[in-house]
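Residue-level structural notes
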Amino acid sequence: MTGEAKQRASQWAQFCCECNICSLIACPEQLDPKNMCVDAKALLRETESGWSDEEVDRLVRGIHPARNGREIPISRLYTRLGLDPYDRSANYSSDNAQPNSVVIPLRQHIGAPAKAIVRVGDSVKAGDAVGNTEDKDLGCPVHTGISGRVVEASDKQVVVAAG
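Residues numbered from 1 in each chain as written. Predicted model: local features only at pLDDT ≥ 70, side-chain atom pairs only at ≥ 80, totals over all residues. Heavy atoms only, no water.

Remarks on the sheet that holds strand S2 (residues 115-116)
The pairing of strands in a sheet happens through backbone hydrogen bonds and is either parallel or antiparallel. Reading across from one edge, S2-S4-S5 is the order of the 3 strands in this open sheet, with antiparallel pairing throughout. Either end of the sheet is taken by a strand with one partner, and the two such strands are S2 and strand S5 (142-143). Looking at chain direction, strand S4 (residues 129-132) and S5 are connected through 2 bridges and run antiparallel. Across the sheet, the residue bridging to Ala 129 is His 143, located in S5. (Pairing = 2+ DSSP bridges. Helix = DSSP H or I, 4+ residues; strand = E, 2+ residues; numbered from the N terminus.)

As for the environment of Ser 94
Note that Ser 94 resides in the loop between helix H5 (74-80) and strand S1 (101-105). Residues Ser 94 and Glu 55, 39 residues apart in the sequence, show an inter-C-alpha distance of 55 Å. Reaching out from Ser 94, the side chain makes a polar contact with the backbone nitrogen of Asn 96 at a distance of 3.4 Å. (Polar contact = N/O pair within 3.5 Å; in protein donor to acceptor, adjacent residues only side chain to side chain.)

Some points on helix H3 (residues 33-47)
Under the 1.5 Å per step criterion, the end-to-end length of H3 is 21 Å for 15 residues, consistent within 8% with the ideal 21 Å. Among the residues of H3, those classed as buried are Lys 34, Ala 40, Lys 41 and Leu 44. For H3, the arc enclosing every buried residue in end-on projection is 120°, short of the 170-degree limit, so these residues lie on one face. More than 90 degrees from the buried face of H3, the exposed residues found are Met 36, Asp 39 and Glu 46. At the C-terminal side of H3, Glu 48 shows a positive phi close to 50°. (Expected span 1.5 Å × (residues − 1). Buried < 20%, exposed > 50% of the residue type's maximum accessible area, 1.4 Å probe, protein only. Arc of directions from axis to C-beta.)

Re unusual backbone geometry
Within the chain, Glu 18 stands out as a residue other than glycine whose phi angle is a positive 60°. Mapped onto the elements, Glu 18 comes out in the loop between helix H1 (3-11) and helix H2 (21-26). Look at Glu 18 and you get partly exposed, because its relative accessible area is 36%. At Asn 20, a position not held by glycine, the phi torsion is positive, near 75°.

Re the sheet that holds strand S6 (residues 148-153)
The strand order across the open sheet built from 4 strands is S1-S7-S6-S3, with neighbouring strands paired in antiparallel fashion. Looking at the sheet topology across the chains shown, the edges are occupied by S1 and strand S3 (123-124). As judged from the 2 bridges shared by S3 and S6, these two strands associate in the antiparallel manner. Paired with Val 124 across the strands is Gly 148, a residue of S6.

Points about the pairing of strand S7 (residues 157-162)
Consecutive side chains along a regular strand alternate between the two faces of the sheet. Here S1 pairs with S7 via 5 bridges, running antiparallel. Following the sheet pairing, Val 103 is matched in S7 by Val 159. One ladder, built from 5 bridges, connects S6 with S7; its direction is antiparallel. Within S7, the position partnered with Arg 149 by the bridge is Ala 161.

Some words on the nonpolar core
Counting 12 residues, the largest nonpolar core consists of Val 102, Ile 104, Leu 106, Ala 114, Val 118, Val 124, Val 130, Val 142, Ile 146, Val 150, Val 158 and Val 160. In contact with Val 130, not counting residues within four places along its chain, are Ile 104, Lys 115, Ala 116, Ile 117, Val 118, Val 124, Val 142, His 143, Thr 144 and Val 158. (Core = buried A, V, L, I, M, F, W, Y, C linked by side-chain atoms within 4.5 Å. Contact = heavy atoms within 4.5 Å.)

Points about the pattern of salt bridges
On inspection of all chains with the given rule, the structure shows 2 salt bridges. Note that Lys 41 and Glu 18 form a salt bridge whose closest N and O atoms lie 2.9 Å from each other. Of the two residues, Lys 41 is situated in helix H3 and Glu 18 in the loop between H1 and H2; the sequence distance between them amounts to 23 residues. Taking relative accessible area as the criterion, Lys 41 reaches 15% and is therefore assigned buried. (Salt bridge = Lys/Arg side-chain N within 4 Å of Asp/Glu carboxyl O.)

Structure follows, in structure tokens:
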């Protein structure tokens, strides 16, 4: 598209989070919609244009009607990532391991690291949260996999001894 039609289409790019799923995995035609949105966003910044708050409220209301059609088929994901040879049944065996202690890193995810919410000496049960992030931060809580007593709680990790 060119001219006014291109400008109008580029306003939809404001809603692209640039995750690249559309380009790398989901697009059955193997096009590059993510980079098209990046270019369109640059044009919007250059021209200082975009939708008004009222237009955004009107356009983005509820679940998009095509949401179900935008899901990524797992078979396509496997193929695009070259994982087809590994998509097979595997034998499972449980050895029921019982560790004496676990070290739980507080930085296990993208975003802000979790902060310890337990102190040395606290008793915890398997599944209890031992670290969390502020509500304003992007991040998630971390949990202990065993019951026991906290023997270390630093800004980097929490150590729980079984018992």
